[in-house]
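Descriptive analysis of the structure
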Amino acid sequence: QVQLVEFGGGLVQAGGSRRLSCVASGNIRSINAMDWYRRAPGKQRELVAGITSGASTKYADSVRGRFTISRDNAKNTVYLQMNSLKPEDTAVYYCNVKVVLTTSRYEQDYWGQGTQVTVSS
């Protein structure tokens, strides 16, 4: 129905930058909210940033001012620009999108497979 593919993870030095992308494809009528979550080793998954269909954004306090979320509706893609990375940003990053399928009137939740971001000190 809907596939999410994430790009951009990898190893980066502290203070560096990384851009994550998440592309949605499938039987998509519309995409509402698009969010990025992360799960660090030994910790619970947390919301990092989110963006609505109207481009309103929200951020976790720990990343505000360093990360920027954006979306390209024509490409069904959400981005996460991460600057001034810290070792504590090391985690698996997941995108989550709320999609209305062409065959439905209701919103459904989809998750990407996750991409590892490792920040070395």
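The structure reproduced in this document is the subject of the present report. (Residues numbered from 1 in each chain as written. Predicted model: local features only at pLDDT ≥ 70, side-chain atom pairs only at ≥ 80, totals over all residues. Heavy atoms only, no water.)

The next subject is the overall build of the protein chain. Summing up its helical and strand segments, the protein chain has zero helices and 11 strands in all. Each helix (α) and strand (β) of the protein chain, taken in turn from the N terminus, gives the series β-β-β-β-β-β-β-β-β-β-β. The principal-axis extents of the C-alpha atoms in the protein chain amount to approximately 50 × 25 × 25 Å. Buried positions account for 44% of the 121 residues belonging to the protein chain. Within the protein chain, residue pairs in contact and separated by at least 24 positions form 55% of the contacts whose partners lie at least 6 positions apart. Summed over its atoms, the accessible surface of the protein chain is roughly 6400 Å², and 46% of this surface lies on carbon and sulfur atoms. One finds the centroid of the 15 positive side-chain charges in the protein chain at a distance of 2 Å from the centroid of its 9 negative side-chain charges. (Helix = DSSP H or I, 4+ residues; strand = E, 2+ residues; numbered from the N terminus. Buried < 20%, exposed > 50% of the residue type's maximum accessible area, 1.4 Å probe, protein only. Contact = heavy atoms within 4.5 Å. Areas by Shrake-Rupley, 256 points an atom, 1.4 Å probe, with all protein chains shown as cover. Lys, Arg positive; Asp, Glu negative; His and termini not counted. Charge placed at Lys NZ, Arg CZ, Asp CG, Glu CD.)

Residue position: Asp89 is located in the loop between strand S8 (77-82) and strand S9 (91-101). Taking relative accessible area as the criterion, Asp89 reaches 1% and is therefore assigned buried. Among residues more than four places away in sequence, those in contact with Asp89 are Arg38, Arg66, Phe67, Ser84, Val117 and Val119.

Taken as a whole and assessed by the stated rule, the structure comprises six salt bridges. Between Arg38 and Asp89 there is a salt bridge, with its nearest N and O atoms 3.0 Å apart. With Arg38 in strand S4 (residues 28-39) and Asp89 in the loop between S8 and S9, this pair connects stretches of sequence that are 51 residues apart. On the basis of relative accessible area, Arg38 is assigned to the buried category, the value being 6%. (Salt bridge = Lys/Arg side-chain N within 4 Å of Asp/Glu carboxyl O.)

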